[in-house]
Every structure is written in structure tokens, then in C-alpha cells.
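Descriptive structure summary
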Amino acid sequence: MEDGTQHLGHCMVDMKELSASPEGLSAAGVILTPKLPQVEFSLACNDLVASGRDRKPNALVQVAVIDPHKQHLVSHACTEIVEANKDPLFLTGVTFPSEYPASPETLVKLSVYDAKDKTQESSSFLGSATFSVGDLLRAKDERLTLSLRSSDGVCTAGTVVVSRLKMGEMEEVDVDQITTDIPSQKCPLVCESAHHSCTDRENNPLTGPVFKNPVCKVYRFQTVDSKWMLVREQMEECTLSFSIPKQLLALYIQEDMSRVQDLKELGDLSPHWDNLRKEVMTRYAGIISSYQETLAEMDKINGCSFKPSCCKAQKSLEFIPINLHTQRMRVTCPKKTDAFYDIVTVGAPAAHFQGFKGGGLQRLLSRYEAEKKRFSTAYQCIYYSPEHTAKAQEVLNIMSLLQPLITRLVDQLLQAAHEHSSPGLRDALKHLSDKTEQFVHTLKDELVKSALLALHAAQPGYVSKNQKSTRAQSQHQGHTNQTNDQNQNPIQGLPGHSPPTSVTETTVVCNNVEGTQTTAGGEPLSLKHQDTIPHHKEYDEEEWDRLWANVAKCLNCVIAMVDKLQEEDNTKQDPVPEHQLADVITSHNPGDWREQLCPLVTRLKDCVMEVVEKAKRAMTFVLLQEAACSIPQGFLLQQRRDIVFSQALAALACGFVMRLYAGMQDKGFLRQLHLVGLVAQFESLLSTYSEEFGMLEDMEVGISDLQRVMFKITEAKSDDLSDLQPLVCGRRDHFTVEVPLPKLVFHTLPEEIKEGKLLRVFPVLFNVGINEQQTIAERFGDISLQERINQKNFETLEAYYKSLSEKVPLECLPCFQTQTDIKELLETLGQNVVAKKKKNVEILWTAGTICRRLNGIRFTSCKSAKDRTSMSVTLEQCALLRDEHQLSKDFFVRALDCMRREGCRIENVQKNIKCRKYAFNMLQLMAFPKCYRPPEGTYGKVDS
């Protein structure tokens, strides 16, 4: 065999340097889909002669490009093997993407081999032929018939037929069989169509900023009516793999540094609380330092836009999603509009560096909450449930948003008064009233009041009402209380969502500078329930109510003054008796509206500021207590959760941008987007056994946390690629991803989206394990996690559809050939979710179908998004070809084998582990459902 035959089927030429070209930005109004290939061709052979004259060859063609500069062959593509046929017609074509520097002078070498087995490791050379791209373009009907030269140079090896595949509708050519021994066998042709819906997609303005390094594959498959369809796969990396985690890390650092500053601003605290504050600040400093180091390491990485599976446990890359790629299948059928099917593939979001010995996030968080009360007792602080601490964080966030907003509205009110504009005054007052009322409503929560009392009790020198007696009596009473009420929780019984925030009197004693903090045995003291609210003769418990009430009173004064000014203005417009005119002029001059309003709005701003300062300190104290009783486990869990969420958000942002680009001209989709939002359906193939059990627990929490994410579409500052990168803002309890679009594109959007309406995404996760470990789990282990996840997310998906059907006409949803009603699909999914069926992959199939029918975003994951994911993606693509494009049943398995053997997914394997083998062995595959098994010769033992 010639040099290079051991590299049969090498991966596509690396195009990293070629992918970020800004060409096409001027055409920002075109549909946002990936660039189409410039040159594509199909291959067929005639009269091949096998090495053994008594047998027909198992033919395949290796395609190489001759580098004009270095004068050596660069492997470019490879066809599938067509068995026992001397006139093979190959389903796998050859494509040169737009980014590839192909020119008319580019030379292409075709080498035909006879594969002795399907591993392609033992093949004999039959012959080769060389042509230039210009030869093909200039040929009649753009078709070449080339003689194959054998190794001895004699032209007796047969011929190879090269036919260019053009954009547009495929010509209806009847072909009885795809493989035949008839020499005059017809090849599928393609005709140009100047008005076809895809002809204006050649230049895409928005693939550059987010998607890069495309890998393209092309196939031709036969339909049930013996016509031909053209199928293209395009797989790309996403720059958001790195940019989103880096932005998140910066936000995490900023949030934690802000938390440290808030803790410093709590003022003087008793020794007990001051020591806890110092310990918490030390923990935060450790996290900040760790995140800064990670961010610095990530900043050193240039040019990379995906993390290979072999780096999944690398600490410096733990925030980066594993093997994140987009994949699009584009189908061209006779007399039909092209169809696109998108999917995002990513490794399961999980903390691989930290490991899974103790389980994943779901189990660790449950255990942590159960142990939190014990931690709070040991650290002598108050236990807060996740709902309570979330409420404290919510109050802080609302205040941080509303205070500057109220200040701006006050300035707008004064400006309207200065301009003597009654309409402006009314509008500004309306907005100011709404936001101030929202502000007051937030602060009326009992949590704020009780936290202020607890903070007061934690200050130095605090003396409780029972400490009027001698110090010895106080200590004796404390020991008595501990004996009588040792098992009583002193913070139970507060109503509603208000947390058990009131500090026990014993805790108050402990907070004294000289107070006794624990019993002789080291246990904290506790009191009876009626003494749980701290009291102090110098502290007015009603002060807080008066403070926020003052804000409301100040607002009422402003409203009254505006009403008075407008009434006087109206009075001035009306005829008045002469004796009253002097009074009107005296009481109101045209230029004094601002002067009369200024003292009132200044007082309003001062009251708001005073309330904010007190509430901020109170909520910070709540979070201090929560952090104190979280030491050390809570901080480790927060880091793990940050890591998992970062991976999940990068994948979601990638999917959202891809879906948005594809739907920019779909008015129904855009209407659905701003009225309801999109469903993001994550398909997982993890087993519920061993380490993958922990991965699934991580993934469940990470996907659930995506509910805290909103999207916002903005107008880009310019059409420069750097200005088209999505941006993340917010903090851990709520993030917003801003997606900038070029000006021309942005102005085609609905008004609601252009005005900045936040767009929701509804993440759902369905998991079905398919490997040999899942077999063990089903027979001897526990699959309740999988059952619970599927049931919970089915309910979420059902609720989404109900909301969608109420707000959006079903005509807005895409049309499919399969007429099954979405309600029927949901019923089928519900039945499969509760069915006790092993490896019930119908759950995944039905959930994926529903997602596509709902205009949703499809994701598929396994541990590395490389092996099981590849089986799932290719199966889904062939099922779509069968159900939506009438792929002949005789070609279903062949199409599946083509995609798995020579398609984008095997290129993905090559990119990750530098080997074209799926990481399966025969024993493992025996446990797989048959449709998830790869072709013979494409798998083996490899390091993944």
C-alpha cells in the first residue's frame, strides 16, 4: 500500500485559523445559518478489479488534497465501504467548506482500496486518480470520469466518477438500487435553483463571533419513492465554552469580594460574632484566591474553543464544559424546502476534579441541609433554611436595583418640574410611586425586622432584659435552661416564610463581651420559646416599622405636592375672580415647581438611603450566620455548584444563540420567545451506578439552576466580532445573558424584544442509562434517581406546554410530516416515564420529538459527549430522515453506519483522543440497545 494508507479516513483539515473571518458582516440582514460549502462532489466507481479475480472488492475511496506549498498529501475525507461490488456508488460525499482555501488549482487525489475487513486496517491498493477543482468546474455537466492507475501504472483498475453536488433542489432521478453491477448506473444529480430558499445563505454574518472550526460532511440517501436526498452535517466548536465560564468567574469573584466588604461594614460585633465573621471572611478570601488563580490560568489559553474529554478532570479547566459542540443536519429533498435540525452535544456538567466518592450535588446538598442545624448549634448561630437565605439575598438584590432606580426617577421628576411639564411630571411620579411601593413592600418582610433585632443583640455590650440581676444569677439561669430545654429548638414557630431569625436569650448572653458562651460540656444554651425575641431597654423594636413607613409617608407628601402643583396650574388656566388672582400668583410662580418639590424628594431619598443601610446590614448578618454554620462544607459545596453551573450555562448559552440565529426570520418563533420562552431539553445517557451516579446528581442540580438564568437581546455597538459576543451579568441567585445582534438584524425583532424584555428558558432533563453499568444498576442497584428526575421533568414539560398553548397559537410552532399531536406525545411520554421498563430509550426519543415540535433547544450528553452521545445523535438524525424525509427503510442502517463511520461524530472522537475509535468493547456493546451499537471496526479499547 502507498504511504498514508494507514491513515485511512483521517479527520478533516484543521481550520482554526480560517474560521473567524469577518467576511459577510455587511449582509447582516440575511438568515442566520452557517455558511454553505463551496465545492461538494459525490463518488462512484465502475469496473473495479479486486486483487483476487474470483471475488468482488469491498471498495472505499480515500480523498487527499495536494498542498501546493509543501507538495505533500493532506488527508481530507474517506467514503464508507461498499461491500462486494465492482461498481460501487458511495453514500458519503466530499465537501470543501467555505472556510477551506480551495481554488480551481487545488489538486485532489482519489485512492481506491479493497478493504479486507471493516476495520480498514488491512486493505489493498486498487488504483488512484488525480484532478483539479478547476477540471471539475469546467467539465460538461460538472462530471468527470477518471481512469484509475494501479500501482504499476497500468490503467486496468477501473474508473472513478466524480459528480459535483450543487446547491438547490435535487433533480428527480430514478435509481433502482444504490449498488448495482450495471456499468451505466446513474448518479444522483443536483440542479441549480436561483430562487431557492437557501441560495442567499452563502454569507452568514454571525457564525464568526460564536461558532468556529467547522467540520462538514455530505451524504446522499435514497427515499421511499426512489428519489435522492442530499444530507449535510456540520459540527462546530463554540467560543462560549471559554468566554461564559471566564465571565462567570469574574462575577463570582466580584460577588464574594462584595460580600466580604459588607461583612466589614457590619460594624462592631461581640467577640463571638466577630470571630465567626473573621472565619467566614477567611473562607471567602480562600475562594476568591482560588477563582483568581483559575481565571489567570484560563486567560493564558489562546485559540482554543473546546475542552477535550481527556482534560475533564484538569483543575484549571474545571469550569469549562466538556467537548461542547453544535451540530446541524441540513436536508435537501426533491421539490421541497431545505430543512435544518440542530443539536448541542456536551459532556454532563459535573465536578470531575473534585470526584464523586461522596456522591454528587443532589445527595451532598440534601445531607448538608440535614446537618446544618447541628453546625448552627456548634457555632452558636441561627439556622436558616435555603428559602430564608434566598429571601435575604433577594432583599439585598432588590434594594441594590431599586435604590439607584428611585434616585434616577427622583431626578427625572425634578427635571420635569424644572421644565414645568405636567405630562412629564405625571409619568415620572407614576414610575416613582410604583418603584417606591415595591421597595417598601420588600422591606415589610418579617425577616428584615427580626434580623435587625438579632444584629442588635450581637453587638458589644448588649444586655438582655433578664440580665438585670447579678452575673452569677444569669449564669445559673442559663445552666438551668439548658437542663430543662436542651432538646427544644428556640427558633421554631415563627409564621409564614419568615425564618426563625429571632435570637434566643441565651444566644444573646453568649454574644456579650463577658457573657458565658457555652456550658461546661461545650453545648450551647437555649431558652423557652417565649423568650426567643431579644429585648433591650435602649432598643426600640418599632423603629424599623417607622423607618420604612417614613418612606411611604415621604412618597405621599411628594404625590400631594405634585397634585397641588397641577391643580394650581389648572386653576391658573381657568378664569378666576380678580380678587383671587393675586393669591394664585403669590402662591405659585411658573418657575418654583422644582423649588417646592426639592425638599420633599430630598427627604424621600434620605429615608430610602437610611432604610437601605439598615436593611443591608441586617441581611448581611443573616448571610453571615448562614455562612458561619456552613463552615467548611457549605463553602466546598458552593464551589462545586459554581463549577457545575458554569458548564451548564455555557452549554445553554450556546444552544440559545444557535436557536436564535436559526429563527430570526420566523415570526412565530420570535413571538413564542418573548411571550412564553423556550424549552431546553437535556438528554442524558448516564448510568445510575458508580461514579456516573454522582455525575447525574451534579447534572440534575446544574440543569435545575439554569432556571435562574434569563436572556436579553441587545443591539450591538458595532458589527465588529468582539461586539457580538454574549455577555453575562448578575450574581449567583440570578444571571442575565445578553446576546448582541447587528443593528440591521436587531431592528427586525418584535418591539417587546427590542425594548429589552427578559426571555425565559425552561430547562428539562431526561435520563436513561444504556451501558453495562446501567444493567448492573437495574438488576442489583438503585434507579430511583433516574425515575424521580424523569417524572419531575415530565411535569415541568407538561406545564410548559400548557402555558404555551394558552399564550401562543399553535400555528406558531413548526410543521412536521408526522402528524402526531403534541398532547398525544406527552401522554406517551408520561406512560413511558412511569413504566417499569429497562433501558426505556423511548423516553429519550419522545422527549426529543416533543422538544423539536415545541421549537425548543436540544442537548445530548453522556460522560464525555463523545461515544454514547455520538450513537444517540446519529440515531436521531437517521430517525428524522426516516420520519420527515421518507428515507428508504432499506437505507436506514446504511445511513446510520455512514454517519457513525465517516461522519462528524467520528471526527469529534478524533479531536478528543487523537484516535478514530469509539471507546467501547464487545462486552459493553452486548448490554447496549441494538440501535446504539456502532459499526464493526469503529470501536475498541482507547483512553477516553
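Just above, that's the structure.
Treat the numbers as computed from the prediction; the structure is a model and nothing was measured. All residue numbers refer to position in the chain's written sequence, counted from 1. Owing to the predicted nature of the model, reporting of local features is limited to residues with pLDDT of at least 70; listing and counting of side-chain atom pairs is limited to 80 or more, with chain, interface and lining totals taken over all residues. Computation of side-chain values: all heavy atoms of the structure, hydrogens and water removed.

A run of H or I in DSSP counts as a helix once it spans at least four residues, and a run of E counts as a strand once it spans at least two, with each numbered from the N terminus. Across its full length, the protein chain carries 25 helices and 18 strands. With 944 residues in all, the protein chain has 58% of them scored as buried. Two residues qualify as a contact provided that any one of their heavy atoms is within 4.5 Å of a heavy atom in the partner residue. Pairs at least 24 residues apart make up 78% of the contacts formed inside the protein chain by residues separated by at least 6 positions. For the protein chain, the exposed area adds up to about 39,400 Å²; of that, 50% sits on carbon and sulfur atoms. Each residue is placed in one exposure class: buried if its accessible area under a 1.4 Å probe, protein chains only, is under 20% of its type's maximum, exposed if it is over 50%, and partly exposed if it falls in between. Here, Shrake-Rupley sampling with a 1.4 Å probe gives the accessible areas, and only protein chains in the shown set may cover a residue.

For Asp-47, which is not glycine, the phi dihedral falls at a positive 55 degrees. Residue placement: Asp-47 occurs in the loop between strand S1 (39-46) and strand S2 (59-66). What makes Asp-47 partly exposed here is its relative accessible area of 38%. Unlike most non-glycine residues, His-420 shows phi in positive territory, near 55 degrees. Assignment of secondary structure puts His-420 in the loop between helix H5 (386-418) and helix H6 (422-443). Accessibility expressed as a relative area gives 25% for His-420, which makes it partly exposed.

Turning next to a negative patch on the surface. Like charges are joined within 9 Å and nonpolar side chains (Val, Leu, Ile, Met, Phe, Trp, Tyr) within 5 Å, but only among residues with over 30% relative accessible area and no salt bridge; these make up the patches. Each reported salt bridge corresponds to a side-chain nitrogen of Lys or Arg within 4 Å of a carboxyl oxygen of Asp or Glu. Lys and Arg are tallied as positive, Asp and Glu as negative. Neither His nor the chain termini are counted. A charge is said to be at NZ when it belongs to Lys, at CZ for Arg, at CG for Asp and at CD for Glu. Judged by side-chain charge, Glu-795, Glu-798, Asp-821, Glu-824 and Glu-827 come together as a negatively charged surface patch. Taken together, the elements giving at least two residues each to the negative patch come down to helix H19 (784-807) and helix H20 (822-834). Checked against the element boundaries, Glu-824 lands in helix H20.

Burial within S2 is extensive, with seven of its eight residues counted as buried. DSSP-based pairing: two strands are paired if at least 2 bridges between them are found. The pairing of S2 with strand S5 (residues 107-115) spans eight bridges and is antiparallel. The residue of S5 that forms the bridge with Val-65 is Val-108. As paired strands, S2 and strand S3 (residues 73-78) are joined by five bridges and run antiparallel to one another. Of the residues in S3, the one forming a bridge with Ile-66 is Leu-73.

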